[in-house]
Amino acid sequence: MSVLITFEGGDGSGKSTQAALLADRLRRDGYGDVVLLREPGGTELGEVLGRWMRGRVSGARERRMTPVAEMFLFAAARAQMVRRVVEPALGRPDAVVICDRYMDSTTAYQGYGRQLGAETVRLVNEIAVGTAVPDMTILLDLAPEEARERLVVRRDDGLQPEIGGDAAPEAGGSGPGRGPGRPFEDESAAFRGRVRAGYLEMADADPARWRKVEAALPEREISDRVRAMVDEVLVGIPAARDAGAGYQGSLFEGGE
């Protein structure tokens, strides 16, 4: 068997860090086929679309995407990654695929945040992912105000571009997307609130798949909780457990 684990959450929630930590811990625990992916990305097409949506392509910031166009661009990147990377990996025995953002990001950001409607996005996602639905989705939940504070700190540390004020206009029919116009973390407080509400609604509606973690907890505690949670879906996947085959403790111990 093989499993697909996805990480979701608003910008600044720490999901990218936790996805990477989980992949590292599983490899150290002896799981031999661990694939770490991010969205949009994972393929050449996904990387190109990702750079365009982040405004890193010449002229991209001078264009403004409609919310519908934004939704389809993310779906295109996802469809390519699923067919070229995710499905082949899941076709291997004992593979663990970890994805930093996946189909639920589009539901949260475009369905709820852009107010296109969750049902509209669901139909697009069904085409994009097919049967490659996550076995477990971990939601790093953080209040939008605290997430924004983290992003400001990262900006001040030179880790990301300038963040605009909360007075930014709401996205309408000609609203900007990520990068072309402004990044998602530069959206209004109302937008970020809708995104979080969408995530919580999805998690409450499907408790069999979703696991929620308070993202305000210390990084080490979150990592340990996540590692314990994923054991639920790793049943049946063999891992080396002898002392010399893999690392089984916390990454935060022993100077790692």
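Notes on the structure follow. Because the structure is predicted, anything quoted here is derived from the model rather than measured.

1. Notes on the sheet that holds strand E4 (residues 136-141)
Strand order in the open sheet formed by 5 strands is E2-E3-E1-E4-E5, and the pairing between neighbours is parallel. Among the strands making up the open sheet, the edge pair consists of strand E2 (34-38) and strand E5 (210-214). Between one strand axis and the next, the sheet turns by 20° as a mean value, whatever way the strands run. Strand direction decides the pairing type here: strand E1 (residues 3-8) and strand E3 (residues 96-100), joined by 5 bridges, are parallel.

2. Regarding the pairing of E3
In terms of residue burial, E3 counts as a mostly covered element, since 5 of its 5 residues are buried. Side chains Val96, Ile98 and Asp100 of E3 all project onto a buried face; the interleaved residues Val97 and Cys99 project onto the opposite face, where all are buried too. Note: E2 against E3, 5 bridges, orientation parallel. Following the sheet pairing, Leu37 is matched in E3 by Cys99.

3. Side note on empty space enclosed by the protein
Left-over empty space is what a probe sized like a water molecule reveals as it rolls over the atoms. One pass over the structure, following the stated rule, counts 2 cavities of 30 Å³ or more. Taken as a whole, the largest cavity spans an internal volume of roughly 200 Å³. Lining the largest cavity are 20 residues; nearest its centre among them are Gly10, Asp11, Leu142, Arg192 and Val195. For the lining of the largest cavity, the secondary structure elements donating two or more residues are E4, helix H6 (144-156) and helix H7 (189-205).

4. Things to note about the packing of helix H4 (residues 103-113) against helix H5 (residues 118-129)
The contact between H4 and H5 brings their axes to 9 Å, and the two run at 150°. By the criterion of interaxial angle, the relationship of H4 to H5 is roughly antiparallel. By crossing handedness, the relation of H4 to H5 is classed as right-handed. Contacts from Met103, Thr106, Thr107, Gln110, Gly111 and Tyr112 in H4 reach Ala118, Val121, Asn125 and Val129 in H5. Grouping the constituent residues of the contact of H4 with H5 by class yields 5 nonpolar, 5 polar and no charged.

5. Quick word on the packing of helix H1 (residues 15-28) against helix H8 (residues 219-230)
In the contact formed by H1 and H8, the axes pass within 10 Å of each other and the chain directions differ by 55°. It follows from the interaxial angle that H1 and H8 lie oblique. As for the relative orientation of H1 and H8, their crossing is right-handed in sense. Between H1 and H8, the contacting residues are Thr17, Gln18, Leu21, Leu22, Arg25 and Leu26 on the first element and Glu219, Ile222, Ser223, Asp224, Val226, Arg227 and Val230 on the second. Of the residues belonging to the contact of H1 with H8, the class tally is 6 nonpolar, 3 polar and 4 charged.

How each quantity is defined
- Residues numbered from 1 in each chain as written.
- Predicted model: local features only at pLDDT ≥ 70, side-chain atom pairs only at ≥ 80, totals over all residues.
- Heavy atoms only, no water.
- Pairing = 2+ DSSP bridges.
- Helix = DSSP H or I, 4+ residues; strand = E, 2+ residues; numbered from the N terminus.
- Axes fitted to C-alpha atoms, helices over the stretch in contact; angles between N-to-C directions.
- Buried < 20%, exposed > 50% of the residue type's maximum accessible area, 1.4 Å probe, protein only.
- 1 Å grid on protein atoms, 1.4 Å probe; cavity = no way out; pocket = protein on both sides within 12 Å on 5 of 7 lines; lining within 4 Å.
- Points joined across faces, edges and corners; volume = space filled by probe spheres on them.
- Parallel < 35°, antiparallel > 145°, perpendicular 65-115°, else oblique.
- Left-handed = near helix turned anticlockwise from the far one by under 90°.
- Contact = heavy atoms within 4.5 Å.
- Nonpolar A, V, L, I, M, F, W, Y, C, P; charged D, E, K, R; others polar.

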